[in-house]
Amino acid sequence: MPRRLFLTCLLIAGLAAAPLTPARADAMTDEVRALDEGWVRLTYQSADADRKTRLLAQLSRSAQALVAQYPGQAEPLLWHGILLAEQANRASIFRKLGLATRSRDAIARAYRIDPRVGGGKAAIMLGVLYYKVPGSPIGFGDPARARVFLREALAIDPDGLDANYFYGDYLLSRGDKAGARSYLRKALEAPRDAARPLWDAGRRREVQAALRKAA
């Protein structure tokens, strides 16, 4: 590589990894919170399908813009990946795997920057993708890798609603109903999140539904 190009690459990498000023960090936090709130409304508030599709497209564009605005920052990448996963969940059979792969790649980048980003949310999301996406030769699914990431999320947030719910759901997907019940019940014991009541109530309904399957 020519020396000038090499130095340019180093400069770009340095800029990408540069810490944010307090004002920019606060602005990024506010914009990430807006993505979170939009995703919660999309997921847990009743709305017609067309409105949900429009909201998801709007949120996805905002997440992409946030990644470009704050290069090298883990949280925008994480939310970009979460919204790609939501798109994959709602997409046609022909688009699901491509969107899921893009989601995995974005979240993996966030994880490499900060494995604890979102209180372990990147590890959770990688685990979920690895156990929900089909394995080879169709997709990249890998239950063993899923378990590693989900266990890591539990180590970060051992009493968390999400960490316990998704590990319980993973065990349920593997046929371990007794193990699943243990983690799902622990999920319901998690402290309620007064700052995100709509999400908290919606997630607990999902835990209860998983418990019924694990009975």
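About the cut-offs
- Residues numbered from 1 in each chain as written.
- Predicted model: local features only at pLDDT ≥ 70, side-chain atom pairs only at ≥ 80, totals over all residues.
- Heavy atoms only, no water.
- Core = buried A, V, L, I, M, F, W, Y, C linked by side-chain atoms within 4.5 Å.
- Buried < 20%, exposed > 50% of the residue type's maximum accessible area, 1.4 Å probe, protein only.
- Helix = DSSP H or I, 4+ residues; strand = E, 2+ residues; numbered from the N terminus.
- Contact = heavy atoms within 4.5 Å.
- Phe/Tyr/Trp six-rings, centres within 6.5 Å; stacked < 30°, edge-to-face > 60°.
- Lys NZ or Arg CZ within 6 Å of the ring centre and 35° of its normal.
- pLDDT = per-residue confidence, 0-100.
- Axes fitted to C-alpha atoms, helices over the stretch in contact; angles between N-to-C directions.
- Parallel < 35°, antiparallel > 145°, perpendicular 65-115°, else oblique.
- Left-handed = near helix turned anticlockwise from the far one by under 90°.
- Nonpolar A, V, L, I, M, F, W, Y, C, P; charged D, E, K, R; others polar.

Before we go on, may I ask you to explain the nonpolar core in this structure?
Residues Trp39 and Leu184 are the most contacted members of the largest nonpolar core, which totals 64 residues. Sort the elements by how many residues they give to this core and helix α6 (residues 117-132) lands first, with 10 residues. For leucine 184, the contacting residues outside a window of four places in its chain are Asn164, Tyr165, Gly168, Asp169, Val207, Ala210, Leu211 and Ala214.

Would you mind showing me how to read the packing of aromatic side chains here?
Aromatic ring pairs are described here by two measures, namely the spacing of the ring centres and the angle between the planes. Evaluated as defined, the whole model comprises nine aromatic pairs. Ring centres of tyrosine 130 and phenylalanine 140 lie 5.7 Å apart, and the angle between their planes is 85°; this geometry places the pair in the edge-to-face category. With tyrosine 130 in helix α6 and phenylalanine 140 in the loop between α6 and α7 (143-156), the pair connects residues that are 10 residues apart, well separated along the chain. On the basis of relative accessible area, tyrosine 130 is assigned to the buried category, the value being 7%. On the basis of relative accessibility, which here comes to 13%, the residue phenylalanine 140 falls in the buried class. Ring centres 5.6 Å apart and planes at 70° place the aromatic pair tyrosine 131 and tyrosine 170 in the edge-to-face group. Residue tyrosine 131 is found in helix α6, and its partner tyrosine 170 is found in helix α8 (residues 161-173); the two are separated by 39 residues along the sequence. No difference in accessibility class separates tyrosine 131 from tyrosine 170, as the two residues are buried. Counting every residue linked through ring pairs, the aromatic cluster contains Tyr111, Tyr130, Phe140 and Phe149. Directly above the aromatic system of phenylalanine 140 lies the positively charged group of arginine 104, at a separation of 4.5 Å from the ring centroid. Above the plane of the ring of tryptophan 199 lies arginine 196, whose end atom (NZ or CZ) is 4.4 Å from the centre.

Help me out: how do you make sense of the confidence of the model for the protein in this one?
When pLDDT is averaged along the protein, the result is 91, and 92% of the positions lie at 70 or above. Within the model, pLDDT remains below 50 along residues 1-16, and this stretch shows four contacts once partners closer than five positions in the same chain are excluded.

What is the right way to read the packing of α8 against helix α9 (residues 177-188) from this model?
In the contact formed by α8 and α9, the axes pass within 8 Å of each other and the chain directions differ by 165°. Relative to α9, the element α8 is oriented roughly antiparallel. Judged by the twist between their axes, the crossing of α8 over α9 is left-handed. Residues Leu161, Asn164, Tyr165, Tyr167, Gly168, Asp169, Leu171 and Leu172 of α8 lie in contact with α9, whose contacting residues are Lys177, Gly179, Ala180, Tyr183, Leu184, Lys186 and Ala187. Residue composition of the contact of α8 with α9, by class: nine nonpolar, three polar and three charged.

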